[in-house]
Amino acid sequence: LIAVLFVAGFGSSMVFGSFVGGMADWGGRRRFVVIFSMIYAASCLTKHFRNFHVLMLGRLLGGIATSLLFSVFEAWLIRAHANAKVMDKLSSSFSTAGFGNSVIAILAGLVSNKAASHGKLRPWDASLDTKEGMFFVDGYLNPFDIALLALICCGICATFLWEENYGESGGKENAENSPKWYDGLKRAYKTTIRNRDILLCGLVSSLFEGSMYIFVFMWTPAMQNLAKKEEGLGEDESVELPYGLIFSTFMVCCMTGSSLFSIVAERMKGEALAVVVFAVSSVAMSLVIVSSNSNVTFIAMNIFEICVGMYFPVMGTMKGMIVPEDQRAAIYNLYRIPLNFIVVSSLLAHLTATQGFVAVTIMLITATFLQLALVRRRLHVISLADVATQLSSDDDSSHIE
(Lines give C-alpha, C1' and ligand atoms only; values in the text may rest on other atoms or scores of the structure.)
Protein backbone atom coordinates (compact mmCIF):
# COMPACT_ATOMS: atom_id res chain seq x y z
CA LEU A 1 0.00 0.00 0.00
CA ILE A 2 2.88 2.37 0.75
CA ALA A 3 4.28 1.79 -2.75
CA VAL A 4 0.85 2.50 -4.27
CA LEU A 5 0.63 5.80 -2.39
CA PHE A 6 4.16 6.72 -3.43
CA VAL A 7 3.50 6.07 -7.13
CA ALA A 8 0.15 7.87 -6.92
CA GLY A 9 1.88 11.12 -5.97
CA PHE A 10 4.07 11.13 -9.08
CA GLY A 11 1.15 10.01 -11.24
CA SER A 12 -0.95 12.88 -9.92
CA SER A 13 1.83 15.34 -10.71
CA MET A 14 2.08 13.93 -14.23
CA VAL A 15 -1.66 14.11 -14.98
CA PHE A 16 -3.47 16.70 -12.85
CA GLY A 17 -0.53 18.95 -12.05
CA SER A 18 0.12 19.58 -15.74
CA PHE A 19 -3.29 21.23 -16.21
CA VAL A 20 -3.35 23.14 -12.92
CA GLY A 21 0.15 24.53 -13.39
CA GLY A 22 -0.65 25.73 -16.91
CA MET A 23 -3.52 27.85 -15.56
CA ALA A 24 -1.06 30.07 -13.64
CA ASP A 25 0.04 31.97 -16.75
CA TRP A 26 -3.38 33.60 -17.19
CA GLY A 27 -4.67 33.20 -13.63
CA GLY A 28 -1.70 34.89 -11.95
CA ARG A 29 1.54 33.34 -10.65
CA ARG A 30 1.26 34.86 -7.16
CA ARG A 31 -2.33 33.63 -6.86
CA PHE A 32 -1.21 30.11 -7.73
CA VAL A 33 1.64 30.27 -5.20
CA VAL A 34 -1.05 30.88 -2.57
CA ILE A 35 -3.09 28.01 -4.05
CA PHE A 36 0.05 25.83 -3.86
CA SER A 37 0.37 26.64 -0.16
CA MET A 38 -3.26 25.71 0.48
CA ILE A 39 -3.09 22.45 -1.49
CA TYR A 40 0.15 21.31 0.12
CA ALA A 41 -1.17 22.28 3.57
CA ALA A 42 -4.24 20.12 2.96
CA SER A 43 -1.92 17.28 1.91
CA CYS A 44 -0.05 17.60 5.22
CA LEU A 45 -3.30 17.46 7.18
CA THR A 46 -4.33 14.15 5.56
CA LYS A 47 -1.28 12.44 7.12
CA HIS A 48 -3.05 12.51 10.48
CA PHE A 49 -5.75 10.05 9.35
CA ARG A 50 -5.52 6.27 9.53
CA ASN A 51 -7.57 5.84 6.36
CA PHE A 52 -6.17 4.72 3.02
CA HIS A 53 -8.57 6.84 0.94
CA VAL A 54 -7.72 10.00 2.90
CA LEU A 55 -4.01 9.26 2.53
CA MET A 56 -4.50 8.68 -1.20
CA LEU A 57 -6.24 12.05 -1.46
CA GLY A 58 -3.25 13.58 0.31
CA ARG A 59 -0.84 12.05 -2.20
CA LEU A 60 -2.93 13.29 -5.14
CA LEU A 61 -2.95 16.79 -3.66
CA GLY A 62 0.78 16.54 -3.01
CA GLY A 63 1.40 15.64 -6.65
CA ILE A 64 -0.51 18.70 -7.87
CA ALA A 65 1.30 20.93 -5.38
CA THR A 66 4.69 19.57 -6.49
CA SER A 67 3.96 20.59 -10.08
CA LEU A 68 3.13 24.10 -8.89
CA LEU A 69 6.25 24.17 -6.72
CA PHE A 70 8.57 23.46 -9.64
CA SER A 71 6.92 25.85 -12.09
CA VAL A 72 5.01 28.78 -10.61
CA PHE A 73 7.74 30.09 -8.29
CA GLU A 74 10.33 30.08 -11.05
CA ALA A 75 7.92 31.62 -13.57
CA TRP A 76 7.09 34.42 -11.11
CA LEU A 77 10.79 35.07 -10.42
CA ILE A 78 11.75 35.36 -14.09
CA ARG A 79 8.81 37.65 -14.86
CA ALA A 80 9.66 39.82 -11.85
CA HIS A 81 13.23 40.21 -13.16
CA ALA A 82 11.89 41.14 -16.59
CA ASN A 83 9.47 43.70 -15.13
CA ALA A 84 12.28 45.24 -13.07
CA LYS A 85 14.59 45.18 -16.13
CA VAL A 86 17.29 43.23 -14.26
CA MET A 87 17.44 40.06 -16.38
CA ASP A 88 21.25 40.23 -16.15
CA LYS A 89 20.85 39.39 -12.45
CA LEU A 90 18.78 36.25 -13.12
CA SER A 91 21.72 33.81 -12.93
CA SER A 92 22.80 35.30 -9.61
CA SER A 93 19.27 34.97 -8.23
CA PHE A 94 19.06 31.30 -9.20
CA SER A 95 22.48 30.64 -7.67
CA THR A 96 21.42 32.30 -4.40
CA ALA A 97 18.15 30.35 -4.40
CA GLY A 98 19.98 27.06 -4.95
CA PHE A 99 22.36 27.80 -2.08
CA GLY A 100 19.48 28.80 0.17
CA ASN A 101 17.51 25.65 -0.70
CA SER A 102 20.43 23.48 0.40
CA VAL A 103 20.79 25.37 3.70
CA ILE A 104 17.06 25.07 4.39
CA ALA A 105 17.15 21.34 3.50
CA ILE A 106 19.88 20.73 6.09
CA LEU A 107 18.06 22.72 8.78
CA ALA A 108 14.75 21.07 7.90
CA GLY A 109 16.33 17.64 8.26
CA LEU A 110 17.70 18.49 11.71
CA VAL A 111 14.45 20.08 12.92
CA SER A 112 12.30 17.26 11.52
CA ASN A 113 14.47 14.60 13.14
CA LYS A 114 14.16 16.35 16.51
CA ALA A 115 10.42 16.87 16.07
CA ALA A 116 9.77 13.25 15.08
CA SER A 117 11.50 12.00 18.23
CA HIS A 118 9.41 14.31 20.41
CA GLY A 119 6.54 12.22 21.65
CA LYS A 120 5.14 8.93 20.45
CA LEU A 121 2.61 8.51 17.65
CA ARG A 122 -0.79 8.19 19.33
CA PRO A 123 -4.53 8.63 18.70
CA TRP A 124 -5.98 12.10 19.30
CA ASP A 125 -8.40 10.51 21.76
CA ALA A 126 -6.11 9.07 24.44
CA SER A 127 -8.83 6.66 25.57
CA LEU A 128 -8.68 4.80 22.24
CA ASP A 129 -6.30 2.01 21.33
CA THR A 130 -3.84 2.48 18.46
CA LYS A 131 -5.86 0.12 16.27
CA GLU A 132 -9.11 1.92 17.06
CA GLY A 133 -8.02 5.52 16.52
CA MET A 134 -8.67 7.27 13.20
CA PHE A 135 -6.92 10.61 13.87
CA PHE A 136 -3.33 10.55 15.14
CA VAL A 137 -0.89 13.14 16.49
CA ASP A 138 2.76 13.46 17.64
CA GLY A 139 5.69 11.25 16.65
CA TYR A 140 6.35 11.10 12.91
CA LEU A 141 3.45 13.49 12.28
CA ASN A 142 5.19 16.44 13.98
CA PRO A 143 7.36 17.28 10.92
CA PHE A 144 4.20 17.49 8.77
CA ASP A 145 2.71 19.96 11.27
CA ILE A 146 5.86 22.08 11.06
CA ALA A 147 5.61 21.95 7.26
CA LEU A 148 1.98 23.08 7.58
CA LEU A 149 3.09 26.18 9.49
CA ALA A 150 5.82 26.88 6.92
CA LEU A 151 3.26 26.64 4.10
CA ILE A 152 0.91 29.06 5.86
CA CYS A 153 3.82 31.52 6.22
CA CYS A 154 4.65 31.02 2.52
CA GLY A 155 1.12 31.86 1.43
CA ILE A 156 0.91 34.92 3.69
CA CYS A 157 4.31 36.26 2.56
CA ALA A 158 3.43 35.80 -1.13
CA THR A 159 0.09 37.57 -0.61
CA PHE A 160 1.49 40.67 1.06
CA LEU A 161 5.07 40.91 -0.26
CA TRP A 162 4.81 39.85 -3.93
CA GLU A 163 3.32 41.70 -6.85
CA GLU A 164 1.06 39.73 -9.17
CA ASN A 165 2.40 38.86 -12.62
CA TYR A 166 1.11 36.91 -15.59
CA GLY A 167 2.16 35.62 -18.97
CA GLU A 168 2.23 38.25 -21.72
CA SER A 169 -1.50 37.81 -22.42
CA GLY A 170 -2.55 36.81 -18.91
CA GLY A 171 -5.16 38.70 -16.95
CA LYS A 172 -6.59 40.38 -20.09
CA GLU A 173 -9.28 37.97 -21.12
CA ASN A 174 -12.91 39.08 -20.93
CA ALA A 175 -15.84 36.99 -19.81
CA GLU A 176 -16.77 36.05 -23.36
CA ASN A 177 -13.26 34.91 -24.23
CA SER A 178 -12.19 33.40 -20.90
CA PRO A 179 -9.63 30.58 -21.22
CA LYS A 180 -10.60 26.99 -20.62
CA TRP A 181 -8.86 24.91 -17.98
CA TYR A 182 -6.92 22.90 -20.58
CA ASP A 183 -5.94 25.80 -22.88
CA GLY A 184 -2.61 26.41 -21.17
CA LEU A 185 -1.41 22.85 -21.63
CA LYS A 186 -2.73 22.68 -25.21
CA ARG A 187 -0.92 25.83 -26.28
CA ALA A 188 2.24 24.77 -24.43
CA TYR A 189 2.26 21.44 -26.27
CA LYS A 190 1.95 23.10 -29.69
CA THR A 191 4.69 25.62 -28.89
CA THR A 192 7.05 22.94 -27.59
CA ILE A 193 6.60 20.66 -30.60
CA ARG A 194 7.11 23.49 -33.09
CA ASN A 195 10.16 25.02 -31.41
CA ARG A 196 13.20 22.70 -31.37
CA ASP A 197 15.05 24.73 -28.72
CA ILE A 198 12.14 24.49 -26.27
CA LEU A 199 11.77 20.77 -26.98
CA LEU A 200 15.48 20.04 -26.46
CA CYS A 201 15.52 22.10 -23.26
CA GLY A 202 12.57 20.10 -21.92
CA LEU A 203 14.07 16.72 -22.82
CA VAL A 204 17.38 17.61 -21.19
CA SER A 205 15.59 18.86 -18.07
CA SER A 206 13.44 15.72 -17.78
CA LEU A 207 16.38 13.37 -18.26
CA PHE A 208 18.60 15.04 -15.67
CA GLU A 209 15.88 15.50 -13.07
CA GLY A 210 14.64 11.95 -13.69
CA SER A 211 18.16 10.65 -13.06
CA MET A 212 18.27 12.76 -9.92
CA TYR A 213 15.09 11.16 -8.54
CA ILE A 214 16.34 7.65 -9.33
CA PHE A 215 19.60 8.53 -7.57
CA VAL A 216 17.60 9.53 -4.47
CA PHE A 217 15.88 6.12 -4.50
CA MET A 218 19.03 4.10 -5.16
CA TRP A 219 21.91 5.61 -3.20
CA THR A 220 20.84 4.01 0.09
CA PRO A 221 20.66 0.37 -1.17
CA ALA A 222 23.86 0.91 -3.18
CA MET A 223 25.80 2.05 -0.11
CA GLN A 224 24.26 -0.73 1.98
CA ASN A 225 25.31 -3.41 -0.53
CA LEU A 226 28.90 -2.13 -0.63
CA ALA A 227 29.09 -1.90 3.17
CA LYS A 228 27.83 -5.49 3.50
CA LYS A 229 30.44 -6.78 1.03
CA GLU A 230 33.27 -4.97 2.77
CA GLU A 231 32.18 -6.26 6.18
CA GLY A 232 31.51 -9.78 4.89
CA LEU A 233 27.83 -9.74 5.80
CA GLY A 234 25.08 -11.70 4.06
CA GLU A 235 22.29 -10.12 2.03
CA ASP A 236 19.75 -10.80 4.78
CA GLU A 237 21.90 -9.15 7.45
CA SER A 238 21.48 -5.46 8.26
CA VAL A 239 24.16 -2.78 8.34
CA GLU A 240 24.04 0.59 10.05
CA LEU A 241 25.16 3.64 8.08
CA PRO A 242 25.27 7.32 9.17
CA TYR A 243 22.40 8.30 6.86
CA GLY A 244 21.95 11.73 8.44
CA LEU A 245 25.64 12.54 7.96
CA ILE A 246 25.59 11.26 4.37
CA PHE A 247 22.52 13.36 3.54
CA SER A 248 24.09 16.45 5.12
CA THR A 249 27.23 15.87 3.05
CA PHE A 250 25.13 15.69 -0.10
CA MET A 251 23.44 18.99 0.78
CA VAL A 252 26.80 20.66 1.43
CA CYS A 253 27.90 19.47 -2.02
CA CYS A 254 24.74 21.01 -3.52
CA MET A 255 25.63 24.28 -1.80
CA THR A 256 29.14 24.01 -3.23
CA GLY A 257 27.71 23.50 -6.72
CA SER A 258 25.45 26.56 -6.40
CA SER A 259 28.37 28.69 -5.25
CA LEU A 260 30.61 27.30 -7.99
CA PHE A 261 28.02 28.25 -10.61
CA SER A 262 28.08 31.91 -9.56
CA ILE A 263 31.86 31.92 -10.17
CA VAL A 264 31.95 29.93 -13.41
CA ALA A 265 28.89 31.67 -14.94
CA GLU A 266 30.94 34.86 -15.30
CA ARG A 267 33.38 33.08 -17.61
CA MET A 268 31.20 30.58 -19.49
CA LYS A 269 27.80 30.67 -21.19
CA GLY A 270 25.06 28.72 -19.43
CA GLU A 271 24.42 26.39 -22.40
CA ALA A 272 28.11 25.36 -22.55
CA LEU A 273 28.33 25.01 -18.77
CA ALA A 274 25.34 22.64 -18.86
CA VAL A 275 27.28 20.32 -21.20
CA VAL A 276 30.10 20.15 -18.66
CA VAL A 277 27.65 19.51 -15.80
CA PHE A 278 25.95 16.63 -17.65
CA ALA A 279 29.24 15.11 -18.82
CA VAL A 280 30.78 15.17 -15.33
CA SER A 281 27.56 13.70 -13.90
CA SER A 282 27.77 10.85 -16.45
CA VAL A 283 31.35 10.07 -15.43
CA ALA A 284 30.44 10.17 -11.72
CA MET A 285 27.54 7.73 -12.15
CA SER A 286 29.72 5.45 -14.30
CA LEU A 287 32.15 5.28 -11.37
CA VAL A 288 29.30 4.26 -9.06
CA ILE A 289 28.49 1.35 -11.40
CA VAL A 290 32.05 -0.01 -11.78
CA SER A 291 33.43 0.74 -8.31
CA SER A 292 33.55 -1.89 -5.60
CA ASN A 293 34.98 0.51 -3.02
CA SER A 294 32.59 2.41 -0.77
CA ASN A 295 34.90 5.44 -0.50
CA VAL A 296 35.21 5.81 -4.27
CA THR A 297 31.45 5.37 -4.64
CA PHE A 298 30.74 7.97 -1.98
CA ILE A 299 33.11 10.47 -3.61
CA ALA A 300 31.44 9.87 -6.99
CA MET A 301 28.02 10.47 -5.43
CA ASN A 302 29.25 13.72 -3.91
CA ILE A 303 30.56 14.85 -7.31
CA PHE A 304 27.11 14.16 -8.73
CA GLU A 305 25.53 16.25 -5.94
CA ILE A 306 27.87 19.14 -6.81
CA CYS A 307 26.59 18.84 -10.38
CA VAL A 308 23.01 18.87 -9.03
CA GLY A 309 23.81 22.09 -7.18
CA MET A 310 25.09 23.62 -10.44
CA TYR A 311 22.23 22.22 -12.53
CA PHE A 312 19.35 24.18 -11.01
CA PRO A 313 20.76 27.70 -11.58
CA VAL A 314 22.08 26.63 -15.01
CA MET A 315 18.74 25.21 -16.12
CA GLY A 316 16.78 28.03 -14.51
CA THR A 317 18.78 30.57 -16.50
CA MET A 318 18.46 28.56 -19.72
CA LYS A 319 14.70 28.21 -19.35
CA GLY A 320 14.47 31.92 -18.63
CA MET A 321 16.04 32.65 -22.03
CA ILE A 322 14.39 29.91 -24.11
CA VAL A 323 10.81 29.48 -22.84
CA PRO A 324 8.33 32.19 -23.94
CA GLU A 325 7.00 34.31 -21.09
CA ASP A 326 3.30 33.99 -21.94
CA GLN A 327 3.40 30.19 -21.58
CA ARG A 328 6.18 29.74 -19.06
CA ALA A 329 4.34 27.96 -16.22
CA ALA A 330 2.41 25.77 -18.69
CA ILE A 331 5.56 24.66 -20.52
CA TYR A 332 7.41 24.06 -17.24
CA ASN A 333 4.62 21.70 -16.20
CA LEU A 334 4.69 20.06 -19.63
CA TYR A 335 8.37 19.32 -19.01
CA ARG A 336 7.37 17.43 -15.87
CA ILE A 337 5.21 14.90 -17.74
CA PRO A 338 8.16 12.85 -19.12
CA LEU A 339 9.99 13.42 -15.82
CA ASN A 340 7.17 11.87 -13.80
CA PHE A 341 6.83 9.09 -16.38
CA ILE A 342 10.52 8.23 -15.87
CA VAL A 343 10.11 8.20 -12.08
CA VAL A 344 6.91 6.13 -12.08
CA SER A 345 8.38 3.64 -14.59
CA SER A 346 11.52 3.18 -12.48
CA LEU A 347 9.42 2.53 -9.37
CA LEU A 348 7.12 0.05 -11.08
CA ALA A 349 10.07 -1.76 -12.70
CA HIS A 350 11.54 -2.59 -9.24
CA LEU A 351 15.09 -1.90 -10.42
CA THR A 352 18.06 -3.11 -8.44
CA ALA A 353 20.64 -0.51 -7.35
CA THR A 354 22.98 -1.45 -10.21
CA GLN A 355 20.19 -1.39 -12.79
CA GLY A 356 19.06 1.98 -11.45
CA PHE A 357 22.50 3.55 -11.81
CA VAL A 358 22.91 2.08 -15.30
CA ALA A 359 19.63 3.77 -16.26
CA VAL A 360 20.82 7.02 -14.66
CA THR A 361 24.11 6.91 -16.59
CA ILE A 362 22.35 6.28 -19.90
CA MET A 363 19.98 9.19 -19.29
CA LEU A 364 22.85 11.53 -18.36
CA ILE A 365 24.86 10.58 -21.44
CA THR A 366 21.77 11.16 -23.59
CA ALA A 367 21.22 14.53 -21.89
CA THR A 368 24.84 15.48 -22.64
CA PHE A 369 24.45 14.86 -26.37
CA LEU A 370 21.06 16.60 -26.49
CA GLN A 371 22.57 19.59 -24.72
CA LEU A 372 25.39 19.66 -27.28
CA ALA A 373 22.75 19.78 -30.02
CA LEU A 374 21.01 22.64 -28.20
CA VAL A 375 24.30 24.56 -27.86
CA ARG A 376 24.95 24.25 -31.60
CA ARG A 377 21.44 25.48 -32.37
CA ARG A 378 21.71 28.39 -29.93
CA LEU A 379 25.08 29.47 -31.32
CA HIS A 380 23.66 29.28 -34.85
CA VAL A 381 20.63 31.36 -33.85
CA ILE A 382 22.86 33.93 -32.13
CA SER A 383 25.12 34.12 -35.19
CA LEU A 384 22.12 34.68 -37.49
CA ALA A 385 20.82 37.37 -35.15
CA ASP A 386 24.19 39.13 -35.23
CA VAL A 387 24.23 39.01 -39.04
CA ALA A 388 20.67 40.35 -39.22
CA THR A 389 21.57 43.18 -36.84
CA GLN A 390 24.64 44.04 -38.88
CA LEU A 391 22.66 44.03 -42.15
CA SER A 392 20.00 46.22 -40.57
CA SER A 393 22.57 48.74 -39.37
CA ASP A 394 24.22 48.79 -42.81
CA ASP A 395 20.85 49.37 -44.45
CA ASP A 396 20.10 52.26 -42.08
CA SER A 397 23.49 53.78 -42.85
CA SER A 398 22.87 53.63 -46.61
CA HIS A 399 19.51 55.42 -46.16
CA ILE A 400 21.17 58.15 -44.15
CA GLU A 401 23.78 58.65 -46.86
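Residues numbered from 1 in each chain as written. Predicted model: local features only at pLDDT ≥ 70, side-chain atom pairs only at ≥ 80, totals over all residues. Heavy atoms only, no water.

## Thoughts on the overall build of the protein
Turning to step 1, where the next piece is worked out: In terms of regular secondary structure, the protein is built from 14 helices and two strands.
Turning to step 2, where the next piece is worked out: What you see for the protein is a C-alpha radius of gyration of 23 Å, in line with the 21 Å of a compact globule of 401 residues.
Turning to step 3, where the next piece is worked out: Expressed along its principal axes, the backbone C-alpha trace of the protein runs to roughly 90 × 55 × 35 Å.
Turning to step 4, where the next piece is worked out: In the protein, the share of contacts with a sequence separation of at least 24, taken over all contacts with a separation of at least 6, comes to 82%.
Turning to step 5, where the next piece is worked out: For the protein, the computed accessible surface area is about 20,800 Å², with 66% contributed by carbon and sulfur atoms. (Helix = DSSP H or I, 4+ residues; strand = E, 2+ residues; numbered from the N terminus. Rg over C-alpha atoms; globule rule 2.2 N^0.38 Å. Contact = heavy atoms within 4.5 Å. Areas by Shrake-Rupley, 256 points an atom, 1.4 Å probe, with all protein chains shown as cover.)

## Description of the packing of helix H10 (residues 243-264) against helix H12 (residues 294-322)
Turning to step 1, where the next piece is worked out: Orientation of H10 relative to H12, taken along the N-to-C sense of each, is 45°, at an axis distance of 7 Å. For the element pair H10 / H12, the angle class is oblique. Between H10 and H12 lies a crossing of right-handed hand. Together, Ile246, Thr249, Phe250, Met251, Cys253, Cys254, Gly257, Ser258, Leu260 and Phe261 of H10 and Phe298, Met301, Asn302, Glu305, Ile306, Val308, Gly309, Met310, Pro313, Val314 and Thr317 of H12 make up the contact between the two elements.
Turning to step 2, where the next piece is worked out: Across the contact of H10 with H12, the residue classes break down as 14 nonpolar, six polar and one charged. (Axes fitted to C-alpha atoms, helices over the stretch in contact; angles between N-to-C directions. Parallel < 35°, antiparallel > 145°, perpendicular 65-115°, else oblique. Left-handed = near helix turned anticlockwise from the far one by under 90°. Nonpolar A, V, L, I, M, F, W, Y, C, P; charged D, E, K, R; others polar.)

## Considering the pattern of salt bridges
Turning to step 1, where the next piece is worked out: Here the structure, examined in full by the defined rule, presents nine salt bridges.
Turning to step 2, where the next piece is worked out: When the shortest N-O distance is used, the salt bridge between Asp25 and Arg29 registers 2.9 Å.
Turning to step 3, where the next piece is worked out: The structure contains a network of salt bridges with shared partners spanning Asp25, Arg29, Glu325 and Arg328. (Salt bridge = Lys/Arg side-chain N within 4 Å of Asp/Glu carboxyl O.)

## Observations regarding the packing of aromatic side chains
Turning to step 1, where the next piece is worked out: The tally for this structure, following the rule as stated, stands at 22 aromatic pairs.
Turning to step 2, where the next piece is worked out: With 5.5 Å between their ring centres and 70° between their planes, Phe6 and Phe10 make a pair best called edge-to-face. Here Phe10 and Phe6 lie together in helix H1 (residues 2-22), a separation of four residues that amounts to about one turn.
Turning to step 3, where the next piece is worked out: Judged by relative accessible area, which is 11%, Phe10 ranks as buried. (Phe/Tyr/Trp six-rings, centres within 6.5 Å; stacked < 30°, edge-to-face > 60°. Buried < 20%, exposed > 50% of the residue type's maximum accessible area, 1.4 Å probe, protein only.)

## Some points on the environment of Met363
Turning to step 1, where the next piece is worked out: Take Met363: it is sitting in helix H14 (residues 353-400).
Turning to step 2, where the next piece is worked out: On the basis of relative accessibility, which here comes to 11%, the residue Met363 falls in the buried class.
Turning to step 3, where the next piece is worked out: Taking the C-alpha atoms as reference points, Met363 and Leu207, 156 residues apart in sequence, are found 5.6 Å from one another.

## Here's the deal with the nonpolar core
Turning to step 1, where the next piece is worked out: The biggest cluster of nonpolar side chains holds 60 residues, and the ones touching the most others in it are Phe215, Phe278, Met285, Met301, Phe304, Met318 and Phe357.
Turning to step 2, where the next piece is worked out: Going through the elements one at a time, helix H6 (90-116), helix H8 (183-194), helix H9 (196-231), H10, helix H11 (270-290), H12, helix H13 (328-348) and H14 are the ones with two or more residues in this core.
Turning to step 3, where the next piece is worked out: The element contributing the most residues to this core is H9, with 14 residues.
Turning to step 4, where the next piece is worked out: By size, the runner-up hydrophobic cluster in this structure holds 16 residues, among which are Leu68, Val72, Ala158 and Ala329. (Core = buried A, V, L, I, M, F, W, Y, C linked by side-chain atoms within 4.5 Å.)

## Observations concerning unusual backbone geometry
Turning to step 1, where the next piece is worked out: The residue Lys85 is not glycine, and still its phi comes out positive at about 60°.
Turning to step 2, where the next piece is worked out: Inspection of the secondary structure puts Lys85 in the loop between helix H5 (72-83) and H6.
Turning to step 3, where the next piece is worked out: Look at His350: it is not a glycine, yet its phi comes out positive at around 55°.
Turning to step 4, where the next piece is worked out: Residue placement: His350 occurs in the loop between H13 and H14.

## Things to note about the layout of surface pockets
Turning to step 1, where the next piece is worked out: Put simply, the second largest pocket is a space of about 340 Å³.
Turning to step 2, where the next piece is worked out: Along the wall of the second largest pocket there are 17 residues; nearest its centre are Asp88, Ser91, Phe261, Ala265 and Thr317.
Turning to step 3, where the next piece is worked out: Elements supplying a minimum of two residues to the lining of the second largest pocket: H6, H10, H11 and H12.
Turning to step 4, where the next piece is worked out: For the lining of the second largest pocket, the class distribution of residues is seven nonpolar, five polar and five charged. (1 Å grid on protein atoms, 1.4 Å probe; cavity = no way out; pocket = protein on both sides within 12 Å on 5 of 7 lines; lining within 4 Å. Points joined across faces, edges and corners; volume = space filled by probe spheres on them.)

## A short note on the side chain of Ser95
Turning to step 1, where the next piece is worked out: Locating Ser95 in the fold gives a position in helix H6.
Turning to step 2, where the next piece is worked out: Side-chain polar atoms of Ser95 contact the backbone oxygen of Ser258, separated by 2.7 Å.
Turning to step 3, where the next piece is worked out: Those residues in contact with Ser95 that sit more than four places away from it in its chain are Ser258, Phe261, Ser262 and Pro313. (Polar contact = N/O pair within 3.5 Å; in protein donor to acceptor, adjacent residues only side chain to side chain.)

## Some thoughts on H10
Turning to step 1, where the next piece is worked out: For H10, which comprises 22 residues, the first-to-last C-alpha distance of 31 Å matches the rise-based estimate of 32 Å (1.5 Å per residue) to within 8%.
Turning to step 2, where the next piece is worked out: Considered for burial, the residues of H10 that qualify are Ile246, Phe250, Met251, Cys253, Cys254, Met255, Gly257, Ser258 and Phe261.
Turning to step 3, where the next piece is worked out: Along its buried surface, H10 packs onto H6, H9, H11 and H12. (Expected span 1.5 Å × (residues − 1).)

## Brief notes about H9
Turning to step 1, where the next piece is worked out: With 36 residues, H9 should reach 52 Å at 1.5 Å per residue; the first-to-last C-alpha distance of 51 Å fits that figure.
Turning to step 2, where the next piece is worked out: For H9, the principal kink sits at Met218 and spans about 40°; a proline, Pro221, occurs within the next four residues.
Turning to step 3, where the next piece is worked out: Between the side-chain oxygen at the start of H9 and the backbone nitrogen of Asp197 there is a gap of 3.0 Å, and the oxygen is on Asn195. (Bend = angle between axes of the 7 residues up to and from the residue.)

## Comments concerning the confidence of the model for the protein
Turning to step 1, where the next piece is worked out: For the protein, the mean per-residue pLDDT works out to 86, and 90% of the residues sit at or above 70.
Turning to step 2, where the next piece is worked out: A low-confidence stretch, residues 397-401 stays under pLDDT 50, and its non-local contacts, those more than four residues away or across chains, total zero contacts. (pLDDT = per-residue confidence, 0-100.)

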